[in-house]
Amino acid sequence: MHVLTEIMFITIITFILVLSLLVFVHELGHFWVARKFGLKPKEFGFGFPPRAFGYYKNTEGKWKKVIGTKDPEDASDTIYSINWLPLGGFVNLEEDEDKGDDPNHFSNKPIYQRTLILIAGVSMNIILAAVLISVGYMIGLPQTISDLGTGAKVSDVKVQVLDVAKDSPAEAGGVEAGDVILSLNGIEIDGNQTIQDLSDQNVDNEVVYKIKRADKEIDLRMTPQIIEETGRGGIGVSIAETGIVRYSFFRAIWEGVRTTLIMTWIIIIAFYELIKGLVIGNGVSIEVGGPVRIAQITGDAVRMGFSYLINFSALLSINLAIINAFPFPALDGGRVVFLLVEKIQGHPVSKRIETAIHSIGFALLMVLIVLVTYQDIARFWQ
């Protein structure tokens, strides 16, 4: 029980740290570009309000400390704060406040500048993913070894499950994506071909599969069948040879950027298929996870090793970027849509109407998060 509590504690702390990094970098993007365009955001803080304390420059140009939530009257620049809820950060651009003709207020900046400020958070999350993957390649990153760049050094090669088909022997037997296949009936696996050959030889015969899942080895009993798509024996899994891949310093940076772009495109296509399935009534074709599921995967990554945690954090950063780019109210993409409408009609949408639409969008997002979280908890409980 003590060990389980310790694992849960490490998982929760790591999840908070990863999420905080991704959100803080996102907000840092907004803040940095806003400053580049001459804005002085009211506040930029680590964590979410209420404010614990902060520092600011007064009208005399001296740094002063502020404690609590009350805004100082003599602040002439941004308040840099530490807040009580340690989840990422936030930047207050005072978008909804009327500052008259102040040229250094967000609402009075050219549309292209406001657009760049809004999409800066998305861009920073993509950049963070590229940095994480590049660092990962320098120390060794887990990936498939079928299409490697020049100069790759590979170690710890294994055969890993990428996907499990529905209503297959593998699904019934308890195989999960990410499992490593160690042996079949005691015969060690040294590649995809060995698994295929043994599956062909044991069609309709029960086989003992030794599986490594995270840090545990388990035996699963399954019966290979003729798979309709291939005409050969199998249990209904997609497999690939994976390993720890390393590159030299400069090559790692190049491969990190390339991998990030490829992953971003794959995730965009996945979201497109998800949305298309919902629109045409085919339902959700992929597993959707919320905060609980993400925390659970974070815990798995921690137990598997630091390189796996880097990989997952980069993937999460790309997902955060793409979701924020959606043209949905309350998200960065939704705010850009209002700027596009302003450009087309020649004047901004009423602040009252825009605020109401963003509020409705935010409420719908919260409902969605609650529903997905409930699904996560139900799955976890089962």
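Position labels on residues start from 1 in each chain and follow its written sequence. Local features in this predicted model are restricted to residues of pLDDT 70 or higher, and side-chain atom pairs are both shown and tallied only at a pLDDT of 80 or more, whereas totals for entire chains, interfaces and linings draw on every residue. Hydrogens and water molecules were not included; the side-chain quantities draw on all heavy atoms of the structure.

Observations concerning the overall build of the protein chain
- Of regular secondary structure, the protein chain possesses nine helices and twelve strands.
- Exposed residues in this analysis have more than 50% of their type's maximum accessible area, buried residues have under 20%, and partly exposed residues fall in between, with area computed by a 1.4 Å probe over protein chains only. Within the protein chain, buried positions represent 37% of all 382 residues.
- Whether two residues are in contact is decided by their heavy atoms: any pair within 4.5 Å suffices. Here the analysis covers contacts within the protein chain between residues at least 6 apart in sequence; of these, 67% occur between residues at least 24 apart.
- When the accessible surface of the protein chain is split by element, carbon and sulfur atoms take 63% of a total near 21,900 Å². Each helix is a run of H or I in the DSSP string that is no shorter than four residues. Each strand is a run of E no shorter than two, and both are numbered from the N terminus. A 1.4 Å probe and the Shrake-Rupley method give the accessible areas. Residues count as covered only by the protein chains that appear here.

Here we look at the packing of helix 2 (residues 111-139) against helix 8 (residues 332-345)
- Convention adopted: a line fitted to C-alpha atoms gives each axis, helices being fitted over their contacting stretch, and angles between N-to-C directions are expressed from 0 to 180 degrees. Between helix 2 and helix 8, the shortest axis-to-axis distance is 9 Å and the interhelical angle comes to 170°. In this view, helix 2 runs roughly antiparallel relative to helix 8, as classed from their interaxial angle. Helix-helix and strand crossings are classified by hand; for helix 2 and helix 8 the assignment is left-handed. Across from Ile111, Arg114, Thr115, Leu118, Ile119 and Val122 in helix 2, the residues of helix 8 making contact are Asp332, Arg335, Val336, Leu339, Glu342 and Lys343.
- When the residues that make up the contact of helix 2 with helix 8 are grouped by side-chain class, the tally is six nonpolar, one polar and five charged. With respect to orientation, any angle under 35 degrees is reported as roughly parallel, any angle over 145 as roughly antiparallel, any angle of 65 to 115 as roughly perpendicular, and every other angle as oblique. Crossing handedness is read from the near helix: turned anticlockwise from the far helix by less than a right angle, it gives a left-handed crossing, and turned clockwise, a right-handed one. When residues are grouped by polarity, Ala, Val, Leu, Ile, Met, Phe, Trp, Tyr, Cys and Pro land in nonpolar, Asp, Glu, Lys and Arg in charged, and all others, Gly among them, in polar.

Describing unusual backbone geometry
- Residue proline 50 follows proline 49 across a cis peptide bond; omega there is 15°.
- Counting through the fold element by element, proline 50 comes out in strand 1 (residues 43-57).
- In this model, aspartate 156 sits at a positive phi of 55°, which is unusual for a non-glycine residue.
- By secondary structure assignment, the location of aspartate 156 is in strand 5 (residues 153-164).
- For aspartate 167, which is not glycine, the phi dihedral falls at a positive 55°.

Thoughts on helix 4 (residues 192-201)
- Turning to helix 4, its buried residues number three or more, namely Ile195, Leu198 and Ser199. For helix 4, the buried positions fall inside an angular range of 100° around the axis, keeping them on one side.
- For helix 4, the secondary structure elements touched by its buried residues are strand 5, strand 6 (180-184), strand 7 (187-188), strand 8 (207-213), strand 11 (232-234) and strand 12 (237-246). Our arc is simply the arc of the directions from the helix axis toward the C-beta atoms.

Regarding a nonpolar patch on the surface
- Surface patches are drawn from residues lacking salt bridges whose relative accessible area is over 30%; two like charges belong together within 9 Å, two nonpolar side chains (Val, Leu, Ile, Met, Phe, Trp, Tyr) within 5 Å. By salt bridge we mean one thing: a side-chain nitrogen of Lys or Arg within 4 Å of a carboxyl oxygen of Asp or Glu. A contiguous nonpolar patch, built from Phe46, Phe53, Tyr55, Trp63, Ile67, Tyr80 and Ile82 and spanning about 680 Å² of accessible area, is present on the exposed surface.
- Contributions of two or more residues to the nonpolar patch are made by strand 1, strand 2 (63-67) and strand 3 (79-92).
- The leading source of residues in the nonpolar patch is strand 1, at three residues.
- Mapped onto the secondary structure, tyrosine 80 falls in strand 3.

A word on the confidence of the model for the protein chain
- For the protein chain, per-residue confidence averages 84 on the pLDDT scale, and residues scoring 70 or more make up 88% of the total.
- The weakest mean pLDDT in the protein chain belongs to helix 6 (residues 291-304) at 69; the strongest belongs to helix 2 at 94. The predictor reports its confidence for every residue as pLDDT, a score running from 0 up to 100.

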